[in-house]
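If you want the building blocks of each chain, they are given just below.
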Amino acid sequence: RARLVLSILVFGTCIGFYLLFNLPYIDDWSRTGEVLTGRFPDNPIEGVLNSEQPGFDGLVFLALPNCPYCFLAYPNLETLRKRVPDLDVVVFVSAVDTAGVGFFKEHVGESDIPVHLISDREEATSLSNGKFPTFLYFKEGRVVYRWSNNQFGYPALDWVEHRLN
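None of these values were measured; they are calculated from a predicted model.

**Structural notes on the pattern of salt bridges**
Summed over the entire model, instances satisfying the criterion amount to three salt bridges. Between Arg142 and Glu46 there is a salt bridge, and its shortest N-O distance comes to 3.0 Å. Highlighted residues: Arg142 in strand E6 (residues 142-148) and Glu46 in helix H2 (residues 44-52), separated in sequence by 96 residues. Residue Arg142 is classed as partly exposed on the basis of its relative accessible area, which comes to 30%. By relative accessible area, Glu46 is classed as buried at 4%. Note that Lys139 and Asp57 form a salt bridge whose closest N and O atoms lie 3.8 Å from each other. Of this pair, Lys139 sits in strand E5 (residues 134-139) while Asp57 sits in the loop between H2 and strand E2 (58-63), placing them 82 residues apart in sequence. On the accessibility criterion, Lys139 (25% relative accessible area) is partly exposed.

**What to know about the nonpolar core**
Residues Ile45, Val60, Phe61, Leu77, Val91, Phe104 and Trp147 are the most contacted members of the largest nonpolar core, which totals 44 residues. Not counting the four nearest positions on each side in its chain, Ile45 is found in contact with Val60, Leu62, Phe92, Ile118, Leu127 and Leu136.

**Quick notes on unusual backbone geometry**
In this chain, Phe132 is followed by Pro133 through a cis amide linkage whose omega measures -5 degrees. Take Pro133: it is sitting in the loop between helix H5 (121-128) and E5. A positive phi angle, close to 60 degrees, is found at Asn129, a residue other than glycine. For Asn129, the position within the fold is in the loop between H5 and E5.

**So, the pairing of E5**
For E5, a buried count of five out of six residues is recorded, marking the element as mostly surrounded by other parts of the structure. Note: E5 against E6, six bridges, orientation antiparallel. Residue pairing for E6: Lys139 is matched across the bridge by Arg142. Connecting the antiparallel pair E5 and E6 is a turn made up of two residues, with Glu140 showing a positive phi of about 55 degrees.

**Focus on the sheet that holds strand E3 (residues 88-94)**
What the six strands build is an open sheet, ordered E1-E6-E5-E2-E3-E4; its pairing is mixed. Edge positions in the open sheet fall to strand E1 (34-35) and strand E4 (115-118), since each of these has one partner strand only. Together, E2, E3 and E5 form the strand contacts of helix H3 (residues 68-83), whose direction differs from that of E2 by roughly 165 degrees. In the packing of helix H4 (residues 98-108) onto the sheet, the strands contacted are E2, E3 and E4, and the crossing angle to E4 comes to about 145 degrees.

**A closer look at the packing of aromatic side chains**
Evaluation of the coordinates by the stated rule reveals six aromatic pairs. With a centroid separation of 6.1 Å and an interplanar angle of 70 degrees, the aromatic rings of Phe61 and Tyr74 are classed as edge-to-face. Placement of the pair is Phe61 in strand E2 and Tyr74 in helix H3, with a sequence separation of 13 residues. No difference in accessibility class separates Phe61 from Tyr74, as the two residues are buried. Seen in terms of ring centroids, Tyr74 and Phe104 are 5.9 Å apart; in terms of plane orientation they differ by 80 degrees. Their pairing is edge-to-face. A residue pair is termed long-range when its members are at least 10 positions apart, and Tyr74 in helix H3 and Phe104 in helix H4 qualify at 30 residues. Chaining the aromatic ring pairs together yields one cluster made of Phe61, Phe71, Tyr74, Phe104 and Phe135.

Parameters and conventions
- Residue numbers restart at each chain and count upward from 1, following the sequence in its written direction.
- In keeping with the predicted nature of the model, local features appear solely for residues at pLDDT of at least 70, side-chain atom pairs appear and are counted solely at 80 or more, and the whole-chain, interface and lining totals rest on all residues.
- Calculated side-chain values reflect all of the structure's heavy atoms, with hydrogen atoms and water omitted.
- Every case where a carboxyl oxygen of Asp or Glu lies within 4 Å of a side-chain nitrogen of Lys or Arg is listed as a salt bridge.
- Secondary structure is summarised from DSSP: a helix means a run of H or I of at least four residues, a strand means a run of E of at least two, and numbering begins at the N terminus for each.
- The cut-offs for exposure are 20% and 50% of the maximum accessible area for each residue type, with area from a 1.4 Å probe on protein chains only; residues under the lower value are buried, those over the upper are exposed, and the others partly exposed.
- Here the nonpolar core consists of buried residues drawn from Ala, Val, Leu, Ile, Met, Phe, Trp, Tyr and Cys, with membership extended through side-chain atoms lying within 4.5 Å.
- The contact rule is simple, with two residues in contact once any of their heavy atoms fall within 4.5 Å.
- Pairing between strands requires that DSSP locate at least two bridges from one strand to the other.
- The angle between two axes is taken between their N-to-C directions and runs from 0 to 180 degrees, where each axis is a line fitted to C-alpha atoms and a helix contributes only its stretch in contact.
- Aromatic pairs are defined between Phe, Tyr and Trp rings, using the six-membered ring for Trp, whenever the two ring centres lie within 6.5 Å; interplanar angles under 30 degrees are classed as stacked, those over 60 as edge-to-face, and all others as tilted.

Below is the structure:
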């Protein structure tokens with residue numbers, strides 16, 4: 001019996017030391033975000049989506065062309081798109097001109113997710129709250145919810161999936 005207790009104690013101590021030096025990234029399990037309904041009337045993203053993709057309900061990824069965190073977060077969109085093929089997903093790159101969009105496309109690789117330019121940097125910064133990348137949930141012609149990259153963990157991905165049903 002003492003051997004069992006000692007084994008459990010040694011095993012627990014090993015796990016404890018592992019977690020002490022390799023903390024799980026807590027925001028991977030986060031869904032906190034911010035409700036935006038009505039806060040950004042007539043923003044350029046809503047204008048583009050309502051004119052070019054009427055009926056768009058889904059996820060908007062707001063990025064900068066040379067943002068390493070944007071490149072790292074982009075695969076989440078691809079994963080979500082594979083899990084939910086009916087999900088509308090679009091990328092908006094905040095840049096001065098289309099060269100920024102081209103640079104972003106080069107770094108994320110081949111994809112069927114549409115990428116648009118948002119040239120109004122002040123509006124992009126306001127929509128993203130100055131944090132890039134930002135994920136926006138778009139429903140019924142409006143931006144209704146926002147997550148910055150460190151808030152868009154697996155529960156947020158699940159929340160987006162289930163909002164579609």
